[in-house]
Amino acid sequence: MKVEAPGPLWGLRRFPVLAELPDAALHALAGASVSRQVSRGTILHLPGERADEVYCLHGGRVSTLREHGESRTINVGDFGPGDIFGETCLWQAAGTEWDDTAVTTSPALLTVVPRIVLRRLLDAHPGVERAVVAQSIAHQDATRRRLCDALSLSLRARIVGQLLRLAEAGRDTPEGRKFTFMRQRELAALVVCTRESAALALRALEDERLIVRAGRELIVPDLDRLRVAAHERPSQASNVLPFSRLSSPPRAASAP
């Protein structure tokens, strides 16, 4: 279900990467954009569709997913309030198609900006483009680290790490830190595992009383215990690569 949200101008002013835009440019951007309040599970775009829009996320969470085979979905992007995503189309040729699926993992409020309008504004305001590029690089680095974790960390460590990030952004209650939790298949895509494996790992964390389920929410009774669990690592000895560092070339002798 889609509900009309307040006009986009009020929200665009809150994005740090757009802070350098003068009022006239910000009004032009807002006038060409549309704000939407959407429910959880709303698909924003699919592979093969034209990448003609950039998304400014005011509230909620969005994931971008890639399908690998019939049974494996990998999360290649996880976005929250203040993030701009879909921005890679700004540096690609017009008519480029999406190669991923963007879907909301919670109710979300976002502004949809036409690619061509934002591209023209960035051409006129290079400082803003540098800020957008910096955020884009940070997103790519976060994805790279998460996928590296998927190859090097245990499933338990990956899931605890995701729960810790959600819990730290949650709210305090008498029972502990509480937050709205994603579906198991969304968690599985995020940590790169099967839904069944994610379900078993969550059950084990419940048995340890690290988490408590309360309907569609999770409670972390002791955030410090979860932090300790998130930093548990297997022995690193077997992960040391048998490589030596390239030595610096010898310096030429100075003339007497």
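Residues numbered from 1 in each chain as written. Predicted model: local features only at pLDDT ≥ 70, side-chain atom pairs only at ≥ 80, totals over all residues. Heavy atoms only, no water.

### Some thoughts on the pairing of strand β4 (residues 53-59)
Move 1: For β4, the tally of buried residues reaches 5 of 7 residues, placing the bulk of the element in the interior.
Move 2: Summarising the sheet, β4 and strand β9 (residues 108-114) pair through 6 bridges and their orientation is antiparallel. When the sheet's bridge partners are listed, Val54 is paired in β9 with Val113.
Move 3: Note: β4 against strand β7 (residues 84-85), 2 bridges, orientation antiparallel. Looking at the pairing, Tyr55 lines up with Phe85 of β7. (Buried < 20%, exposed > 50% of the residue type's maximum accessible area, 1.4 Å probe, protein only. Helix = DSSP H or I, 4+ residues; strand = E, 2+ residues; numbered from the N terminus. Pairing = 2+ DSSP bridges.)

### Structural notes on the pattern of salt bridges
Move 1: Using the criterion set out here, one finds 17 salt bridges in the structure.
Move 2: The shortest N-O distance in the salt bridge between Glu129 and Arg119 comes to 2.9 Å. Of this pair, Glu129 sits in helix α4 (residues 126-152) while Arg119 is found in helix α3 (residues 115-124), placing the two residues 10 residues apart along the sequence. Considered together, Glu129 and Arg119 belong to a single accessibility category, that of buried residues.
Move 3: With its nearest N and O atoms 4.0 Å apart, the salt bridge here joins Lys178 to Glu217. Placement of Lys178 in strand β11 (residues 176-180) and of Glu217 in strand β13 (residues 217-220) is noted, with a sequence separation of 39 residues between them.
Move 4: Look at Lys178 and you get buried, because its relative accessible area is 16%.
Move 5: Within the structure, one salt-bridge network assembled from shared partners comprises Arg40, Arg183 and Glu186. (Salt bridge = Lys/Arg side-chain N within 4 Å of Asp/Glu carboxyl O.)

### Here's the deal with the confidence of the model for the chain
Move 1: Chain-level pLDDT for the chain is 85 on average; 85% of the residues reach the 70-or-more range.
Move 2: Residue range residues 235-241 is modelled with pLDDT below 50. Its contacts to residues more than four positions away, or to other chains, number 0 contacts. (pLDDT = per-residue confidence, 0-100. Contact = heavy atoms within 4.5 Å.)

### Quick word on the packing of aromatic side chains
Move 1: One pass over the full model with this rule turns up 4 aromatic pairs.
Move 2: An angle of 35° between the planes, with centres 6.5 Å apart, marks the rings of Tyr55 and Trp98 as tilted. Taken as a pair, Tyr55 in strand β4 and Trp98 in the loop between β7 and β8 (101-104) lie far apart in primary sequence, 43 residues in all.
Move 3: Ring geometry for Phe179 against Phe181: centres 6.3 Å apart, planes inclined by 70°, an arrangement best described as edge-to-face.
Move 4: What links up through ring pairs into an aromatic cluster is the set Tyr55, Phe79, Phe85 and Trp98. (Phe/Tyr/Trp six-rings, centres within 6.5 Å; stacked < 30°, edge-to-face > 60°.)

### What about the nonpolar core?
A general feature of soluble globular proteins is that nonpolar side chains tend to end up buried together.
Move 1: Counting residues in hydrophobic clusters, the biggest one holds 34 residues, and the most contacted among them are Leu18, Leu29 and Phe85.
Move 2: Residue assignment for this core shows that the elements contributing at least two residues are α2 (23-32), β4, β7, β9, α3 and α4.
Move 3: Ignoring sequence-local partners within four residues, the contact set of Leu29 consists of Leu12, Leu18, Leu21, Val113, Val117, Leu118 and Leu121.
Move 4: Counting 26 residues, the second-largest nonpolar core is a separate cluster that includes Val160, Ala167, Val191 and Val220. (Core = buried A, V, L, I, M, F, W, Y, C linked by side-chain atoms within 4.5 Å.)

### With respect to the environment of Ser136
Move 1: Position of Ser136 relative to the elements: it lies in helix α4.
Move 2: Each residue touching Ser136, except ones within four places of it in the same chain, is listed here: Glu87, Thr88 and Trp91.

### Focus on the packing of helix α6 (residues 184-191) against helix α7 (residues 195-207)
Move 1: Relative orientation of the contacting elements α6 and α7 amounts to 100°, with a least axis distance of 8 Å. By the criterion of interaxial angle, the relationship of α6 to α7 is roughly perpendicular. Between α6 and α7, the residues in contact are Gln184, Arg185, Leu187 and Ala188 and Arg195, Ala198, Ala199 and Leu202, respectively.
Move 2: Of the residues assigned to the contact of α6 with α7, the class counts are 5 nonpolar, 1 polar and 2 charged. (Axes fitted to C-alpha atoms, helices over the stretch in contact; angles between N-to-C directions. Parallel < 35°, antiparallel > 145°, perpendicular 65-115°, else oblique. Nonpolar A, V, L, I, M, F, W, Y, C, P; charged D, E, K, R; others polar.)

### So, the sheet that holds β13
Move 1: A sheet is described by the order of its strands in space; here 4 strands give the open sequence β10-β11-β13-β12, paired in antiparallel fashion. Sheet topology places β10 (171-173) and β12 (212-214) at the edges, where each strand pairs with a single neighbour. Strand-to-strand twist in this sheet, taken as the mean axis angle between neighbours without regard to direction, amounts to 35°.
Move 2: In this structure, β10 lies alongside β11, joined through 3 bridges in antiparallel fashion.

### Observations regarding unusual backbone geometry
Move 1: Phi at Arg209 takes a positive value of approximately 65°, unusual for a residue other than glycine.
Move 2: Looking at where Arg209 falls in the secondary structure, it is placed in the loop between α7 and β12.
Move 3: Accessibility expressed as a relative area gives 52% for Arg209, which makes it exposed.

### Quick notes on the pairing of β11
Move 1: Burial of β11 is extensive: 4 of the 5 residues sit out of reach of the surface.
Move 2: Counting the residues that bridge the hairpin from β10 to β11 gives 2 residues.

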